[in-house]
Amino acid sequence: MTRNIAILGSTGSVGRNALRVIDGLGPEYAIVALSAHSNVQLLAEQTKRHEPKFVAITNSDYAAALRELIGDLDVEVLSGLDGLTEIAELEGVDIVLSAVVGSAGVRSALATVRAGKRLAIANKESLIIAGELLTKAAKENGTTILPVDSEHSAIFQAMLSGSHKEVRRIILTASGGPFRKATVEDLQNVTLEQALAHPVWSMGPKITIDSATMVNKAFEVIAARWLFDIPVEKIEVLVHPESIVHSLVEFVDGSVIAQLGKPDMRLPIQYALTYPSRVPGICERLRLEEVGKLTFESPNLEVFRGLSLGFEVARTGGTAAAVFNAANEAAVEEFLAGRIRFVNIVELVEHCLNKNRVKRHVSLDELLEADAWARREVRNKVQKCVGAKS
Ligand SMILES: NC(=O)c1ccc[n+]([C@@H]2O[C@H](COP(=O)([O-])OP(=O)(O)OC[C@H]3O[C@@H](n4cnc5c(N)ncnc54)[C@H](OP(=O)(O)O)[C@@H]3O)[C@@H](O)[C@H]2O)c1
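Residues numbered from 1 in each chain as written. Predicted model: local features only at pLDDT ≥ 70, side-chain atom pairs only at ≥ 80, totals over all residues.

## Overview of the site of the ligand
Neighbouring the ligand are 27 residues, the closest being Gly12, Asn39, Ala104, Met203 and Gly204. Those elements that place two or more of their residues in the shell around the ligand are helix H1 (13–25), helix H6 (124–140) and helix H10 (205–213). Broken down by element, the residue count for the shell around the ligand peaks at 3 residues, all from H1. When grouped by side-chain class, the residues that make up the shell around the ligand number 11 nonpolar, 12 polar and 4 charged. Mapped onto the domain boundaries, the shell around the ligand takes at least three residues apiece from domain 1 (3–147) and domain 2 (150–315). (Near = placed C-beta within 6 Å. Helix = DSSP H or I, 4+ residues; strand = E, 2+ residues; numbered from the N terminus. Nonpolar A, V, L, I, M, F, W, Y, C, P; charged D, E, K, R; others polar. Domains from an automatic or database assignment.)

In structure tokens form, the structure reads like this:
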């Protein structure tokens, strides 16, 4: 039976890898919808090559340009964020791969699980903001959320070795990013170029900065809490610079089950699409004799304050995670635009978390209100600092 796939964010790093994976999987896997935010050129090329029935351009300003580029191809063009939700709800879509960046993915992710479809989720920000709502809706609608993040995919696979109540702890591995050996003082002078130079993974700019601050790992802790219904006390982070062991699960009897592979996003993407089957794919094979040595160390929580904040946020729950995510998203934008220093990212996040009055058992609208508040707070604070300097 054909599996019809929609890729939200097909022009990004994960989206482009997903297209390569699907090309390699053969005719049983069909691409029925694609989306981009503003990269019309690439979206038009992808549309010509993969012939989806629907394409969405979330920045509506580019809709006319996209229509012009795709000419008289038989494809419906949707625009705005609603376009993503429309795609998620399409009858002809079986799997939605959410590979957009940031909070823009939340509504379509919820729409996917509410429609009872498989959500293959790379967009971890949705899980940070609305993990409780998403996992609850997936359960109620009898569907599965398949993680695409390599660490969560590894845990998902390791969890199949035992029952939920037999899990003693989850161990998320982290490459440590470009500043693994840095001191608090070293981080003061980090440049944009250094922060964008990830030693192992080639990814979009936002997640690359999140990896450098280790806020990305904090996000994974929060997402794991929801994806695997595990209290945060049972989640640990272990630095593993080679990024071969993608994460581990320890069971009550002392057995530790890990998933290994080359650091290549195409493997977890493929598994999220083919699960429960495993099929040959395009990924290079792991040869441990070529790797030689695997090393592990504890993360430095003093240097990577963003990681310890993540554990606190995971324990707090409610609107704290939405604020954590939004403040970080806004601060990373400011850093990428050259308006703040690297260390200011986590300082701004911490400022917002301290100022936020946490609300619990909230709706999506309330979570998005907290999100909007944190973004305003970051912008105001940055404007004040920039204003004070000029
Ligand atoms: N890259 C990885 O290896 C990796 C690994 C694990 C998890 N993830 C997660 O996967 C997600 C995507 O990461 P990425 O590295 O692929 O990012 P990316 O390369 O920056 O791509 C982001 C995609 O989202 C689209 N987009 C940007 N802003 C948008 C908006 N406001 N509304 C809707 N769509 C928007 C982009 O369109 P345009 O191209 O038109 O801007 C692009 O298609 C992130 O949540 C990240 O944390 C990524």
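## Quick notes on the nonpolar core
Side chains of a nonpolar character, in soluble globular proteins, are inclined to be buried together. Leu97 and Ala327 are the most contacted members of the largest nonpolar core, which totals 113 residues. Here this core gets 11 residues from one element, more than from any other, and that element is helix H15 (residues 320–336). (Core = buried A, V, L, I, M, F, W, Y, C linked by C-beta atoms within 7 Å. Buried ≥ 20, exposed ≤ 12 C-beta atoms within 10 Å, placed from the backbone.)

## Examining the sheet that holds strand S3 (residues 54–57)
Read from one edge to the other, the open sheet built from 7 strands follows the order S4-S3-S2-S1-S5-S6-S7, with strand pairing classed as parallel. Each end of this open sheet is capped by a strand with a single partner; those strands are strand S4 (76–79) and strand S7 (145–147). On average, adjacent strands in this sheet sit at an angle of 20 degrees to one another, irrespective of strand direction. As defined by bridge partners, strand S1 (residues 3–8) adjoins strand S5 (residues 95–98) across 4 bridges and the pair is classed as parallel. Within S5, the position partnered with Ala6 by the bridge is Val96. (Pairing = 2+ DSSP bridges. Axes fitted to C-alpha atoms, helices over the stretch in contact; angles between N-to-C directions.)

## Details of the domain arrangement of the protein
Under the domain assignment used here, the protein contains domain 1 (3–147), domain 2 (150–315) and domain 3 (317–390). Computed from C-alpha coordinates alone, the two centres of domain 2 and domain 3 are separated by 24 Å. Contacts between the two partners involve 16 residues from domain 2, matched on the other side by 15 residues from domain 3. Mapped onto the side of domain 2 that touches domain 3, the elements with two or more residues apiece are helix H9 (192–195), H10, helix H11 (215–227) and helix H14 (305–316). Ranked by the residues each element gives to the side of domain 2 that touches domain 3, the list is headed by H10, at 5 residues. Looking at the side of domain 2 that touches domain 3 residue by residue, the class counts come to 10 nonpolar, 3 polar and 3 charged. (Contact = placed C-beta atoms within 7 Å.)

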